[in-house]
Amino acid sequence: MSLSTLKNRRERGFFDGQFLIAMPGMEDSNFFRTVIYICAHSEAGAMGFIINRPQNLTFTDVLLHLEMVNDQEPIVLPEHARDFPIQTGGPVESGRGFVLHSDDYISDSSIPISDDICLTATLDIVRAISKGGGPKRATMMLGYSSWGAGQLEMEVASNGWLTCAANEALIFDRNLDDKYERALAGMGITAAMLSAEAGHA
């Protein structure tokens, strides 16, 4: 599923608003020990963002790359923007930025994901955050994760992923190191209880 499909979606699928938690047997290194928030699922496929994989970039790096600030001048950012999280959202369009955020910020290009969460992929939200505005809760993802028609259903059926309802607090939690374990704990299980052959919870 692509971003344009997300914008034009008409129905919500079974995995909409769910977390995918990679099983220990996950062979794709892009998704090993990942927690993914599924933003959209339909017969056309699925799209989501990894929420526990950091990027070796700062918000200042992003602003410099976008030429929103000048490295020849002192860069002064509001406090909440100084440590604004930049994460790896997935292997698709990995050079493109997407901001998942609370619905207290809405622009013409914002896409509602759930009752409380939106997605904005334009520069206006980056500019707003850099100036002390923007949403109360947000995280920037570089790239996204995508599945074709029927692909995610097949991966879940073949024991690639556990699924559970998404926890909004966990999506925006800036402590990424143990987010995988905490997502499992929300299901009442631990990584030690899982194996490549385990069934679905």
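Residues numbered from 1 in each chain as written. Predicted model: local features only at pLDDT ≥ 70, side-chain atom pairs only at ≥ 80, totals over all residues. Heavy atoms only, no water.

In the annotation of an unreviewed UniProt entry, the entry for the protein chain reads UPF0301 protein EV132_102367, and the organism field reads Rhizobium sullae. The record in UniProt for the protein chain states the following under Sequence similarities (unreviewed entry): "Belongs to the UPF0301 (AlgH) family." (UniProt positions renumbered as here; feature names shortened; annotations may be inferred.)

Undergrad: Any chance you could explain unusual backbone geometry here in plain terms?
TA: Trans is the common state for peptide bonds, and a negative phi is the common state for residues other than glycine. Phi at R33 is positive, roughly 55 degrees, even though this residue is not glycine. The residue R33 is located in the loop between strand 1 (18-22) and strand 2 (35-42) in this model. Since its relative accessible area comes to 33%, R33 is described here as partly exposed. Not every positive phi belongs to a glycine, and E93 is a case in point at roughly 50 degrees. Mapped onto the elements of the fold, E93 is located in strand 5 (residues 92-102). E93 sits in the partly exposed class, given a relative accessible area of 37%. (Helix = DSSP H or I, 4+ residues; strand = E, 2+ residues; numbered from the N terminus. Buried < 20%, exposed > 50% of the residue type's maximum accessible area, 1.4 Å probe, protein only.)

Undergrad: What am I meant to see in the packing of aromatic side chains here?
TA: One pass over the full model with this rule turns up seven aromatic pairs. Arranged with centres 6.1 Å apart and planes meeting at 25 degrees, the rings of F31 and W147 form a pair that is stacked. Taken together, the positions of F31 in the loop between strand 1 and strand 2 and W147 in strand 8 (residues 138-147) put the pair 116 residues apart, joining distant regions of the chain. Look at W147 and you get buried, because its relative accessible area is 2%. A centroid spacing of 5.6 Å and a plane angle of 55 degrees characterise the contact between F49 and F98, whose relative ring orientation is tilted. Of this pair, F49 sits in strand 3 (residues 45-50) while F98 sits in strand 5, placing them 49 residues apart in sequence. What makes F98 buried here is its relative accessible area of 0%. Among the aromatic residues, those joined into a cluster by ring pairs are F31, W147 and W161. (Phe/Tyr/Trp six-rings, centres within 6.5 Å; stacked < 30°, edge-to-face > 60°.)

Undergrad: Hey, could you run me through the environment of D71 in this one?
TA: Here D71 shows up in the loop between helix 2 (59-65) and helix 3 (79-82). Given the relative accessible area of 55%, D71 is considered exposed. On a C-alpha basis, the gap between D71 and D61 in space is 9.8 Å, while along the polypeptide they are ten residues apart.

Undergrad: Could you clarify how one ought to interpret the pairing of strand 2 in this entry?
TA: Two faces, one strand: in a regular strand the side chains alternate between the faces of the sheet. The element strand 2 is extensively covered by neighbouring structure, given that eight of its eight residues are classed as buried. Pairing analysis gives three bridges linking strand 1 to strand 2, with the strands arranged antiparallel. Along strand 2, the bridge assignment pairs L20 with I36. Across six bridges, the pairing between strand 2 and strand 3 is antiparallel. Across the sheet, I38 pairs through a bridge with G48, a residue of strand 3. (Pairing = 2+ DSSP bridges.)

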